[in-house]
There are 10 protein chains.
Amino acid sequence: MLFQVKMDVKIPNDIDQDYIAEVKAKEKAYSQQLQRDGKWVHIWRIVGEYANISIFDVESNDELHDLLTALPLFPYMEMQVTPLAKHYSSIK
Amino acid sequence: MLFQVKMDVKIPNDIDQDYIAEVKAKEKAYSQQLQRDGKWVHIWRIVGEYANISIFDVESNDELHDLLTALPLFPYMEMQVTPLAKHYSSIK
Amino acid sequence: MLFQVKMDVKIPNDIDQDYIAEVKAKEKAYSQQLQRDGKWVHIWRIVGEYANISIFDVESNDELHDLLTALPLFPYMEMQVTPLAKHYSSIK
Amino acid sequence: MLFQVKMDVKIPNDIDQDYIAEVKAKEKAYSQQLQRDGKWVHIWRIVGEYANISIFDVESNDELHDLLTALPLFPYMEMQVTPLAKHYSSIK
Amino acid sequence: MLFQVKMDVKIPNDIDQDYIAEVKAKEKAYSQQLQRDGKWVHIWRIVGEYANISIFDVESNDELHDLLTALPLFPYMEMQVTPLAKHYSSIK
Amino acid sequence: MLFQVKMDVKIPNDIDQDYIAEVKAKEKAYSQQLQRDGKWVHIWRIVGEYANISIFDVESNDELHDLLTALPLFPYMEMQVTPLAKHYSSIK
Amino acid sequence: MLFQVKMDVKIPNDIDQDYIAEVKAKEKAYSQQLQRDGKWVHIWRIVGEYANISIFDVESNDELHDLLTALPLFPYMEMQVTPLAKHYSSIK
Amino acid sequence: MLFQVKMDVKIPNDIDQDYIAEVKAKEKAYSQQLQRDGKWVHIWRIVGEYANISIFDVESNDELHDLLTALPLFPYMEMQVTPLAKHYSSIK
Amino acid sequence: MLFQVKMDVKIPNDIDQDYIAEVKAKEKAYSQQLQRDGKWVHIWRIVGEYANISIFDVESNDELHDLLTALPLFPYMEMQVTPLAKHYSSIK
Amino acid sequence: MLFQVKMDVKIPNDIDQDYIAEVKAKEKAYSQQLQRDGKWVHIWRIVGEYANISIFDVESNDELHDLLTALPLFPYMEMQVTPLAKHYSSIK
């Protein structure tokens, strides 16, 4: 079951730089693990913004919510979740 | 080069039903041809809306504009185009 | 799996009154069948608006999309779908 | 008498962690008491957001206002209250 | 129990003038009856707009919804309902 | 001459609690004096929000501006002022 | 007492051209009479829009409302009224 | 003196096709004349939209307003005008 | 050449009070000098807001930009600039 | 391939003044180098705002994203990117 998630990252300018560098490293590792697991099927950067558009493939709303709130950067992100369905013109 | 395109379809209620059925059939054929050509790489329906989220892979802005304005349903659609870049966490 | 759906009904003033009365009767029957099936678990009217807030319980995004687009009033409605998860304070 | 309440929680990043953990614990206890009392009839988490959609069943606007402003997290929340009426299609 | 209701009137320019004059006359009579009944306690015109701000005093959400949807101009109005509570600074 | 004023109060979380308690006490006294003077004719709390809807009866725009900017909480409020006129359906 | 009024004109494309030409002629005469009377003290066109920004000098909200709703183009306009006060830096 | 103008074209679906084709031909000729005159210095199409972003170089606000309202498609366009100044980083 | 400028002032609550008092004094002197020079032809306070609506009369966009960015309060203001043209109904 | 980029600069009032002066100097040098390289083909200041409208000419979305995120002021800017195509009325 597919969902589009748009994530806007808003990190305060006065945050400790070592701390946030560590959070970003964990975020990257976590994201790549979910990609390898087939849960996070696409992630693209929006040009010129500190934001991404992602596609998740999960079993349920609860699973998606658990994955998203476990993101190391979650406290610094605003998310917008859009449930997707099969399009009748899709050849897949 | 990837772009996300969100398309909202707004067909007037009083339109001729045979005419619009024909337009939709052409739209489906055109969309599937572009999918087979590798230009229209994803198309998903937004749940509960007459709208889709699509991903296009094109050579240039001009090519994308020509593909989109040639859509048979173009006169009845509102589009929002978002240029995408590679995300540094992507494993692809 | 629960979703909130907000439905705004916008019926053109110049529509044929017999036709729309028939559509509304079908809508009511269809809604009540889904309620009896346990798919449409709540429906409330928003005070002063031709709009409702509903809760659906479905197996997947595709099932929800099929239920919603089959509504007799669907061509006259704008919908906003919000996926819901279990709240950690809920006693249910 | 039913009301939908959407609550967005916005806790400052630099708040004292022990303090806010205590506030959240009180919030949970308070919420669950109101649920057992039949005042707070539903609470769902919005997927990917630090926000919930709730349904309250109260005697009056004043009672609802008193319940909401007594929430331990109230100073950190934005609320949107929507009065609900019985829907003519509802089978309840 | 008090509610503020903001009503915006949007009458199509091509509507039959005799018909709408009759609807407006009924609206005025209905409004004045509710005012004499103590249900519709204030009605003010917004300067420069075809809109009013009103205060209703009712027993329940359902009563308010019934009063509002029975307005002869209801099909041509957009309404925004705000539930009100006693203010701790009020001397009334 | 009547005006509706919507006041949203936004007090910073880190403000000195004694100071703000004193400001609120002054605000209440000032508001009640204006109510007794017949200038501030209604004040209602919006359910679930730190906001009020008020009706003022003043001689001029300048008098209203002076009253509002003299509110002790003015530096912490956002205001929206709507000029009101007599409604042709009003029985007052 | 001064008010800024922003007026957006939206005339349907299919309106009778002789009729609307007559309405516009009446509008111009009415506007110029109010300017000569010192009620409508400024009128400027917004560049590139069918809209104006105007300043009115009136005795009361009711007078302003009567002047505005008597505009021949009123049924085709959206208005936004902003009450103005003397600015403490003004040298007038 | 430079201005950015964003123009959105909204042509009704039921307009006479011969008539609008003639208007578009006149629009193109008029636009190209202004380009040759050095008044309309840039015109770009927004990808996927029936809209353009243009840069005008004129002597005054009045000249710009006259040029824009003389556009054959003006009755079917919404415009947004942004005055531009020299940027201190510009090498021109 | 006329422009309307709307200025919203947003001064942080924790700013040094002596410093900001000095900035405001400079702002007032600067504003009054521009008024005497005939550049800043009107300034009105918006009732209930820390904001003004002003009319400037300048030779060019660059001159206006230089005047506005030289305002002592500029770092604490949000501005919205609207170019104005002569209205065909104006008697001036 | 052309893109319009609108950049809004939001620098915190309490930032170190020497630090930000250095960042601005780097920004200017970087911008002028990109202008000389033919990548940043236009940059205009929006009158009265700390914002610019720019036109970039790049080979791909990825190149544009790399150029923009390398801006020294990027952490203090909000960007909006609009892909542009050739307009059929353009004489270039």
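Attention here is on the structure that accompanies the text. (Residues numbered from 1 in each chain as written. Chains lettered and ligands numbered in written order. Predicted model: local features only at pLDDT ≥ 70, side-chain atom pairs only at ≥ 80, totals over all residues. Heavy atoms only, no water.)

**Quick notes on the environment of P75 of chain F**
Operational definition: Runs of E in the DSSP output that reach at least two residues are strands. Runs of H or I that reach at least four are helices, and both are numbered from the N terminus.
Its place among the elements puts P75 of chain F in the loop between α2 (61-69) and β4 (77-86). Each C-alpha atom, one on P75 of chain F and one on K10 of chain F, is 9.1 Å from the other, the two residues being 65 residues apart in sequence.

**As for the relation of the copies chain J and chain H**
Definition in use: Least squares is used to superpose the copies, and the fit set is the C-alpha atoms of residues whose pLDDT is at least 70 in both copies. The contact rule is simple, with two residues in contact once any of their heavy atoms fall within 4.5 Å.
Of the two same-sequence chains, chain J is brought onto chain H (RMSD 0.0 Å, axial shift 0.0 Å) by a rotation of 180°. Such values leave the two copies arranged in the relation of a two-fold axis. In this assembly, 100% of the residues forming the interface of chain J have copies in chain H that are likewise at the interface, indicating an isologous arrangement.

**Observations regarding the pairing of strand β3 (residues 51-57) of chain E**
Residue and element names in this part refer to chain E. Threshold: Burial status follows relative accessibility: with a 1.4 Å probe on protein chains alone, a residue under 20% of its type maximum counts as buried, one over 50% as exposed, and anything between as partly exposed. Strands qualify as paired when DSSP identifies two bridges or more between them.
Of all 7 residues in β3, 6 are buried; the element is thus mostly enclosed. Here strand β1 (residues 2-9) pairs with β3 via 7 bridges, running antiparallel. For F3, the partnering residue across the bridge sits in β3 and is F56. Here strand β2 (residues 40-46) pairs with β3 via 5 bridges, running antiparallel. Bridge pairing in β3 places W40 opposite F56. In textbook terms, the turn of a hairpin is the stretch between consecutive antiparallel strands, and for β2 and β3 this stretch comprises 4 residues, one of which, G48, has a positive phi near 80°.

**Some words on the relation of the copies chain B and chain A**
The two copies are related by a screw motion: chain B maps onto chain A through a turn of 180° and a shift of 0.0 Å along the axis, at an RMSD of 0.0 Å. Most of the interface of chain B is mirrored in chain A, where 100% of its interface residues are also at the interface.

**Section: the environment of D57 of chain D**
Residue and element names in this part refer to chain D. Going by this rule: Think of a polar contact as two N or O atoms within 3.5 Å of one another; within protein, one of them needs to be a possible hydrogen donor and the other a possible acceptor, and neighboring residues in sequence only count if both atoms come from side chains.
Assignment of secondary structure puts D57 in strand β3 (residues 51-57). Here the alpha-carbon distance between D57 and G38, two residues 19 residues apart in the chain, equals 7.2 Å. Filtering out sequence-adjacent residues up to four positions away, D57 remains in contact with M1, L2, G38, K39 and V41. For D57, the side chain forms a polar contact with the main-chain nitrogen of M1, separated by 3.0 Å.

Keep in mind these numbers describe shape, not what the thing actually does.
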